[in-house]
Each structure stands twice: as C-alpha cells, then as structure tokens.
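Commentary on secondary and tertiary structure
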Amino acid sequence: MDTESTHSGYSYSSRSGRSNRHGDRSRERHKASSSKDSSRSERSVVINPPDTPSQESPVHNGEPLPGEPTPDADHGDDAQDDNWGETTTAVTGTSELSVSQEEVVGLGKGIQDRTQGFRRYLPLAVGLCVGLLVVTTPLLFLLLPAVMWPDRLEACSAACEGLFLSISFKLLILMVAIWALFLRRGRASLPRMCVYRAFLTTLTLLLTMSYWLFYGVRILDAQDEDYHGIVQFAVSLVDSQLFVHYLAVVLLELRQLQPCYSVCVIRSTDGESRHYNIGQLSVQKAALSILEYYYRDFPLHNPALLSASKHRAAKHLAGLKVYNVDAPGNPAGAQAANGNQSRAMVTAAAKRKDSAHNELYYEEADYERRVRKRKARLVVAVEEAFTHVRRMKKEDERAATSDIMDVREAALAIFPSMARALQKYLRTTRRQHCHSMESIQKHLAFCLVNNMSPKAFLEAYLAPGPTLQYGPERWMADQWTLISEASVTSGLKEGTEFLLKCLDFSLAITVKSIPYIRITEEYIDPKSHKFILLLQSETSV
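A few points on the structure. This one's a predicted model, so the numbers in the text were calculated from it and none came from an experiment. (Residues numbered from 1 in each chain as written. Predicted model: local features only at pLDDT ≥ 70, side-chain atom pairs only at ≥ 80, totals over all residues. Heavy atoms only, no water.)

A few points about the state of the cysteines
What makes a disulfide is a covalent bond joining the sulfur atoms belonging to two cysteines. Enumeration according to the criterion identifies one disulfide in this entry. There is a disulfide in this structure between C156 and C160, and the S-S distance comes to 2.1 Å. On the S-S bond that ties C156 to C160, the torsion sits near -110°, and the link is left-handed. By relative accessible area, which is 28% here, C156 ends up partly exposed. Under the relative-accessibility criterion, C160 is labelled buried at 0%. (Disulfide = S-S within 2.5 Å. Buried < 20%, exposed > 50% of the residue type's maximum accessible area, 1.4 Å probe, protein only.)

See the structure below:
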C-alpha cells in the first residue's frame with residue numbers, strides 16, 4: 001500500500017572474531033531449524049522489540065546510545081552482515097485500509113445498539129399496524145359498496161342511520177382502548193416474545209381475515225344491494241373486536257393482579273434480600289417485575305464495602321514471614337526450606353485463626369467509633385450552616401431587592417463550610433463515589449427552597465437509600481442476563497429458580513407458592529359473656 005511504511009533496522013557485525021563466531025552459530029541454527037521443519041520458509045526472521053538493545057551495539061529505539069560508535073561510520077552499505085535476516089527489526093505502519101481492534105469493537109457495538117433499538121420499537125410498530133387494520137376495516141366495509149355500485153344500493157332507512165351512529169361511537173371507544181393498552185412504550189427488552197400478546201395478535205388477524213373473506217365472497221362478488229345488511233355486518237365486526245380487546249385486558253392486566261407466589265430475591269455479593277408477592281406471570285415477566293422492585297427497594301450496591309474481608313485475609317497472610325537460616329546457598333537446603341516454609345505458614349495460620357474473631361470484633365468497633373465521630377462533626381457543621389442561612393434570610397428581608405441572594409448562590413456560599421466534614425464522612429462509610437459535588441449542591445438548594453431542616457438534608461447521606469435515589473450512571477446496568485433452566489415463556493411454578501446476572505453481581509430468585517388458607521367461623525353466644533356479681537351485706541366498704 002502507498003500509505004504503508006516499513007522501516008527495517010539492521011544489526012551490523014563488528015570486525016572481531018566474536019562477531020564472526022556469532023554469525024557461524026546463527027547460520028548453523030538456521031540450517032538445523034530449516035531441515036527439521038519443512039513447512040517453514042527458507043529463512044526464519046526473528047523480530048526483536050524496538051526497545052531491546054543488542055549486545056554488540058547497544059541501541060535504544062533505533063538510535064545508538066551516547067558514546068557508542070554509529071554503524072554508518074564504521075561500515076558501508078556493502079559491509080552488511082550476512083545474517084541480517086535473523087537480526088532485522090521490522091516496524092510496520094498502519095494503512096488507511098486497516099481496521100484496529102477498537103474499531104471492530106465499536107462496529108459491533110453500533111450493530112448491537114441498532115439491533116436493540118429495532119427490537120425495542122418492533123412491538124410498537126406491529127401494534128400500530130394491527131390497530132390501523134382493525135379500525136379501517138369496518139370503514140372500508142361501508143365505503144366499498146357506495147363506491148363500486150352506488151346506483152344499485154337500496155336506500156338507508158332510519159334504523160340503518162342509527163347503526164351508523166352506533167358504529168361511530170364503538171370505533172371511537174375501540175381506538176381509545178387500543179391506544180391505552182397496546183400503543184405504549186416498552187419498559188424493557190425481553191429475550192422472548194410474550195405468548196399472550198402473540199396469541200391476541202394472531203386472533204385479531206384471523207378474525208379480520210375471516211371477515212374479509214366472507215365480505216369478498218358474499219358481498220363484493222355478488223354486489224349485494226342490501227346496504228342495511230352490510231352496515232349490520234360491519235357492526236358485528238366492531239363488536240367482535242371489542243370482545244377481543246376485553247379478552248386482552250383480562251389476559252394481560254387482570255390475570256396477574258391476584259398474588260399467587262412469594263419470591264425471595266438475594267443479592268450475591270452482600271446477601272441483601274427481599275420478599276415479594278407476585279401473580280401468574282411467565283419467567284421473563286417475573287424477572288422484569290423483580291428488577292423494578294430491585295431498583296426501588298434494594299440499597300445501592302457498594303463494592304467498596306466488600307473489600308474489608310479480603311483486606312483482612314491479605315493482612316493475615318502478609319503478617320506471616322518465614323526465614324531460612326540453614327544453609328541459604330545450598331540448593332538441597334532451599335528445596336527443604338520451601339517445604340518447611342509451607343508447613344510453617346499453615347501452622348501459623350491455624351494458630352492465628354483462634355484470634356481472628358478478636359481482630360474482627362475490635363476492627364468493627366473501631367470502624368463504628370470513627371463513623372460516629374465523623375457523623376457528629378457532620379451534623380454540627382450542617383446545623384451551623386443552616387443556622388447561618390436562617391440568619392441571612394432574616395437580614396435579606398430588611399435589605400433591598402437587588403441585594404437578595406439567589407438560592408443557588410446561597411447553596412454555593414454555605415457548601416464549603418460543610419464540604420470537608422461531609423467528604424470525610426462519606427470516605428469513612430465508603431460511599432464517596434455515590435455522591436458528586438454537583439448532586440450535593442443541587443440537593444442543598446432543594447432543601448433551602450423548601451425550607452427543610454438540617455436533618456432532612458442529612459437523611460440522604462447518613463443512611464444508604466434505594467438505588468433509584470442516585471444517578472443512573474452509578475447503578476444503571478447496560479444489560480441483565482436471565483439464566484433459567486425452565487423456558488422463559490413458561491409460567492411460574494413451585495420451586496422455580498432463576499438468576500438475573502449483570503456485570504458486578506447477580507440476583508438469585510426462588511419461587512414459593514402462597515399456601516391455601518382455610519378460615520373457619522366459630523359462633524359465640526352473646527349471652528355467654530354475661531355474669532352476675534353477688535355482694536354480701538356484711539362486706540365492709
């Protein structure tokens with residue numbers, strides 16, 4: 001290619017006997033390798049890294065080191081080493097037609113994004129086409145006879161005109177119902193098509209095509225003159241479509257409302273768990289509902305809190321040191337020392353296992369102490385800042401209109417007084433990555449606008465909130481993978497287990513049936529609660 005550049009650096013041999021011997025040994029090795037492997041080419045090329053200097057002439061990045069003679073000064077072009085092929089370094093440039101690995105990954109990602117967009121809007125497009133077919137078919141039934149044979153049609157009576165009014169309102173109700181149930185933006189992209197939606201779409205198409213076949217054979221071919229009967233035929237089609245829509249409401253919306261199963265959701269990293277009651281759903285629909293519950297109820301996943309146990313185990317192993325004082329230069333003694341070292345490590349770890357719970361206890365106690373200390377400082381700093389804001393607010397009421405500070409400016413003014421204490425607290429609790437400075441300032445301005453207390457401001461930082469409380473860039477997973485032994489389109493059953501997996505963790509879901517509850521009634525006679533109190537006259541009062 002025109003744009004491809006190949007730079008070859010040659011390693012020249014010196015006039016010493018050492019270089020000649022090196023060339024002879026290289027030729028012998030080359031001949032031996034050529035005779036053993038016939039599939040290779042006649043000359044084997046060894047490509048050295050550009051930063052690796054040779055022994056005869058130290059070179060760094062293709063340039064001789066300072067103080068070394070250059071090869072061009074000592075040798076000409078005709079005095080090249082005969083073995084230049086074995087010591088050639090080839091540096092190849094990138095042509096315009098080449099494709100890098102990043103471009104290939106970007107191309108695959110672009111195709112995947114387009115595929116996801118197509119799958120996202122495909123159900124909406126199909127629903128729109130089916131809806132247009134359903135709405136326009138009755139209108140075509142009424143218009144085609146009036147266009148094709150208008151002179152032969154019978155006059156429409158008052159009953160026929162009343163049917164026009166009926167079909168108009170029914171079509172309007174049907175259009176609103178289709179818009180409310182089917183023409184909605186998809187909440188998620190599921191791995192398989194919904195069985196009930198496919199069944200209803202097929203039923204609607206089958207119903208419409210049946211009416212079209214009957215209409216074409218009995219009305220269009222025969223050119224029926226009874227227009228009142230044609231209008232009644234169109235009204236019956238609209239009635240059938242309304243009943244199909246009612247069936248869709250029952251299957252898609254009402255059937256899943258009654259709770260039938262209790263699901264247990266456990267996060268794999270920290271063991272956080274929740275329990276939910278759901279209705280008759282397929283596995284993929286249940287997974288979608290559980291993910292919606294997860295983003296609403298589960299606290300934000302914090303990988304920084306999971307590194308404490310790993311750090312503790314690494315600290316235990318780092319504290320064990322074994323020294324070899326018996327013949328450090330003896331190879332046999334070194335092998336024996338390796339075995340003794342492993343045994344010593346195991347013995348020391350077993351001895352320290354007894355004191356591991358003490359270390360854990362004191363470590364957690366020290367961590368709680370530091371958290372309480374940072375929390376106290378943060379509470380005091382925030383209360384002082386809010387007190388300063390209230391005092392400035394009273395002063396602004398007496399000041400001129402032009403001197404009144406905006407809420408955003410007030411938040412920026414008091415934020416530095418609490419920023420250090422808040423930053424230290426978030427670092428101690430390992431939640432500093434969950435809150436950015438911009439989000440904190442926005443929350444502070446929101447609290448100042450609505451005249452909230454310092455405790456209301458701190459509630460978002462003192463305890464981890466639900467996942468949706470934070471920005472999507474901190475919790476939004478690009479893709480969830482559903483792992484299930486059963487088919488994802490099958491319904492839930494007792495003992496069904498499946499896994500929802502993302503990049504950092506997974507959610508394990510176990511399904512249990514809600515037991516059948518039997519309640520009986522026991523009748524208690526109201527007269528059985530009556531009693532008589534007898535008082536003796538001799539009793540002292």
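What follows continues from the structure just given.
Some words on the sheet that holds strand 6 (residues 273-278)
Taken in spatial order, the five strands make up an open sheet running 6-5-9-8-7, and their pairing is antiparallel. Two strands in the sheet have a free side with no partner beyond their single neighbour: strand 6 and strand 7 (481-484). Shown here is a sheet whose adjacent strand axes are inclined to one another by a mean of 25°, direction ignored. As defined by bridge partners, strand 8 (residues 497-501) adjoins strand 9 (residues 506-513) across five bridges and the pair is classed as antiparallel. Bridged to E497 within strand 9 is T510. Against the sheet, helix 7 (residues 283-297) touches strand 5 (261-267), strand 6, strand 7, strand 8 and strand 9, its axis set at about 55° to strand 8. (Pairing = 2+ DSSP bridges. Helix = DSSP H or I, 4+ residues; strand = E, 2+ residues; numbered from the N terminus. Axes fitted to C-alpha atoms, helices over the stretch in contact; angles between N-to-C directions. Contact = heavy atoms within 4.5 Å.)

Thoughts on the pairing of strand 8
Where burial is concerned, the two faces of strand 8 differ: the one with F498 and L500 is buried and the one with E497, L499 and K501 is not. One ladder, built from four bridges, connects strand 7 with strand 8; its direction is antiparallel. By the bridge assignment for strand 8, I483 is matched with L499. In this antiparallel pair of consecutive strands, strand 8 and strand 9, the connection spans four residues.

Considering the packing of aromatic side chains
Enumeration over the complete set of coordinates arrives at 17 aromatic pairs. With a centroid separation of 4.8 Å and an interplanar angle of 75°, the aromatic rings of F141 and W212 are classed as edge-to-face. Within this pair, whereas F141 is found in helix 3 (residues 101-148), its partner W212 is found in helix 5 (residues 195-220), the two being separated by 71 residues in sequence. Judged by its relative accessible area of 22%, W212 falls in the partly exposed class. Aromatic side chains W480 and F505 sit 5.8 Å apart centroid to centroid with 75° between the ring planes, which places their arrangement in the edge-to-face category. Taken together, the residues W480 in the loop between helix 14 (472-475) and strand 7 and F505 in the loop between strand 8 and strand 9 connect sequence positions 25 residues apart. You'll find W480 and F505 in the same group, each marked buried. Taken together, F141, Y211, W212, F214, Y215 and F233 form an aromatic cluster joined through their ring pairs. Lying over the aromatic face of F505, R267 brings its terminal NZ or CZ to 5.9 Å of the ring centre. (Phe/Tyr/Trp six-rings, centres within 6.5 Å; stacked < 30°, edge-to-face > 60°. Lys NZ or Arg CZ within 6 Å of the ring centre and 35° of its normal.)

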